[in-house]
Amino acid sequence: MQWQWCSFNELTLSQLYEVLRIRQEVFTVEQDCPYQDADGKDQHSWHLICWEGDENNPQVMAYLRVVFPGLKYREPSIGRVLTAEASRGTGLGKELIRRAVMHTCEEYPNTGIRISAQQHLDRFYGEFGFEQVSEPYQEDGIPHIEMLRPAHN
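So, a few notes on the structure that sits alongside this text. Only a predicted model underlies this, so the values are computations on that prediction, with no experimental measurement involved.

Re the nonpolar core
In terms of nonpolar packing, the biggest core is built from 23 residues, with Leu64, Ile78, Ile115, Tyr125, Phe130 and Met147 touching the most fellow members. When contributions to this core are tallied by element, the ones reaching two or more residues are strand 2 (45–52), strand 3 (59–67), helix 2 (92–107), strand 5 (113–118) and strand 8 (142–149). Among the elements that line this core, the one with the most residues is helix 2, at 5 residues. Beyond its immediate chain neighbours, meaning those up to four positions away, Leu64 contacts Trp46, His47, Leu48, Ile78, Gly79, Arg80, Val81, Leu96, Ile97 and Ala100. Counting 12 residues, the second largest nonpolar core, distinct from the first, contains Cys6, Val19, Ile22 and Val60.

Observations concerning unusual backbone geometry
Although it is not a glycine, Arg80 sits at a positive phi angle of roughly 55°. Residue position: Arg80 is located in strand 4 (residues 77–83). Of the residues examined, Arg80 reaches a relative accessible area of 18% and is grouped as buried. Residues other than glycine seldom take positive phi values, yet Asn110 does so here, at roughly 60°.

Definitions and cut-offs
- Residues numbered from 1 in each chain as written.
- Predicted model: local features only at pLDDT ≥ 70, side-chain atom pairs only at ≥ 80, totals over all residues.
- Heavy atoms only, no water.
- Core = buried A, V, L, I, M, F, W, Y, C linked by side-chain atoms within 4.5 Å.
- Buried < 20%, exposed > 50% of the residue type's maximum accessible area, 1.4 Å probe, protein only.
- Helix = DSSP H or I, 4+ residues; strand = E, 2+ residues; numbered from the N terminus.
- Contact = heavy atoms within 4.5 Å.

See below:
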């Protein structure tokens, strides 16, 4: 497996296609949640991807994006978090979030990180210092909560 932290412009067309394919597979098909995935924020985000396979057949095993501060929230925002079905239960999701927090703190020191998390994942994100800061709300038909990981100076 290889990890990649990059801007939108650093993604190759094949990599971008694979990212969009797995996001559609997980969020639209598996979660039966029709929504507009191409929301104009990918171009203003960092992308963290765990790849498996070779250059000719790369497969996303885990993915998320970090939207730049000031676009979705005042803070940078982790979103579109997923692990491919074959990777679930392996600890890869925890490694994904650990790396995302590390990279985001390096890019934006002394800044908190905000997420819109599916409500049932509150304990999972809590392991990484995120705290619930909103009442539950519906997003695309799924209960969510806003969570904040305060800045660590």
